[in-house]
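Read off the chains here:
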Amino acid sequence: AIPEAAKFADRKKRRGPAPTDLGLKMRDGSDSEEPELKLCGAAPNCFSTTPDDFSTERMIPPWTAPKGKARDELLRDVADVVDAYPPGQNGVDGAGFEVATRKDGYTLVRYESLKNGYIDDLELALTASEPYSLRVRSSSRVGFLDFEVNAKRLNKLAAGLRAKGWTAPEITSKTNPD
């Protein structure tokens with residue numbers, strides 16, 4: 001957390017209920033015949049690589065791993081970028097984050113906003129075989145709008161992976177106009 005977090009420690013936190021349906025699963029409404037991350041749904045406070053009819057404007061392409069790296073190296077890339085994430089970057093996630101799960105290529109991270117303690121859930125899932133790609137989902141638990149918080153977070157993580165040779169496109173108003 002950033003140093004200013006102490007000023008807001010006594011505020012009531014609005015974390016929202018923890019989702020019970022995260023992880024790689026077969027999803028109703030998905031066109032995929034393989035397990036996918038949770039769909040975004042209708043609210044514009046989510047980005048995901050999982051296609052669904054309600055949120056095409058918030059769909060992003062899977063992040064593509066560089067060729068020639070072993071899966072263990074790619075998992076290390078992802079872990080290093082997640083662990084190096086600076087709370088408060090670009091005005092978001094000032095209260096910090098926790099890695100809740102890191103197992104078998106799946107990572108769940110919970111980010112907390114500075115003032116009100118809103119929690120956003122980030123899921124990352126590396127495919128099991130080549131060509132490797134990373135499925136991604138970042139979503140707010142409460143509210144309707146997120147004021148670009150999820151895009152800012154994903155852009156920071158994507159930039160870290162691009163520096164390691166990954167293809168991870170930036171989310172912009174041109175790529176995702178909603």
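Described below are features of the structure shown in this document. Here the structure is a predicted model, which is why all the values come from computation and not from measurement.

Digging into the nonpolar core
Nonpolar side chains in soluble globular proteins tend to be buried together.
And then number 1: W63, L122, L134, V136, L154 and W166 are the most contacted members of the largest nonpolar core, which has 27 residues in total.
And then number 2: Listed by contribution, the elements that provide at least two residues to this core are helix 1 (71-83), strand 4 (106-112), strand 5 (119-126), strand 6 (133-140) and helix 2 (149-162).
And then number 3: If one sorts the elements of this core by residue count, helix 2 sits on top with 6 residues.
And then number 4: Residue contacts for L122: discarding those within four places in its chain leaves T107, L108, V109, Y111, V136, R137, S138, L154 and L157.
And then number 5: Grouped together as the second largest cluster of nonpolar side chains are 5 residues, L22, Y106, L108 and A125 included.

Quick look at the state of the cysteines
And then number 1: The final tally for this structure, using the stated rule, is 1 disulfide.
And then number 2: Linked covalently through their sulfurs, C40 and C46 form a disulfide whose S-S length is 2.1 Å. Disulfide C40 to C46: torsion about the S-S bond roughly -70°, handedness left-handed. Of the two residues, C40 and C46, neither departs from the other in class, the shared state being buried.

Observations regarding the pattern of salt bridges
And then number 1: Within this structure, the stated rule accounts for 9 salt bridges.
And then number 2: Among the salt bridges present, the one from D121 reaches R110, with a minimum N-O distance of 3.9 Å. Here the residue D121 occupies a position in strand 5, and R110 occupies one in strand 4, the gap between them amounting to 11 residues.
And then number 3: Taking the shortest distance from any N to any O, the salt bridge between R137 and E123 comes out at 3.9 Å.

Considering the side chain of D93
And then number 1: Checked against the element boundaries, D93 lands in the loop between helix 1 and strand 3 (96-103).
And then number 2: Within the structure, D93 has its side chain in polar contact with the side chain of R153 (distance 2.7 Å).
And then number 3: Setting aside chain neighbours within four positions, we find D93 in contact with Y85, P87, G88, Y111, E112, V149 and R153.

Considering the environment of T175
And then number 1: Checked against the element boundaries, T175 lands in the segment after helix 2.
And then number 2: Placed 104 residues apart in sequence, T175 and R71 show a C-alpha to C-alpha distance of 29 Å.
And then number 3: At a separation of 2.9 Å, a polar atom in the side chain of T175 contacts the main-chain amide nitrogen of T172.

Criteria and thresholds
Residues numbered from 1 in each chain as written. Predicted model: local features only at pLDDT ≥ 70, side-chain atom pairs only at ≥ 80, totals over all residues. Heavy atoms only, no water. Core = buried A, V, L, I, M, F, W, Y, C linked by side-chain atoms within 4.5 Å. Buried < 20%, exposed > 50% of the residue type's maximum accessible area, 1.4 Å probe, protein only. Helix = DSSP H or I, 4+ residues; strand = E, 2+ residues; numbered from the N terminus. Contact = heavy atoms within 4.5 Å. Disulfide = S-S within 2.5 Å. Salt bridge = Lys/Arg side-chain N within 4 Å of Asp/Glu carboxyl O. Polar contact = N/O pair within 3.5 Å; in protein donor to acceptor, adjacent residues only side chain to side chain.

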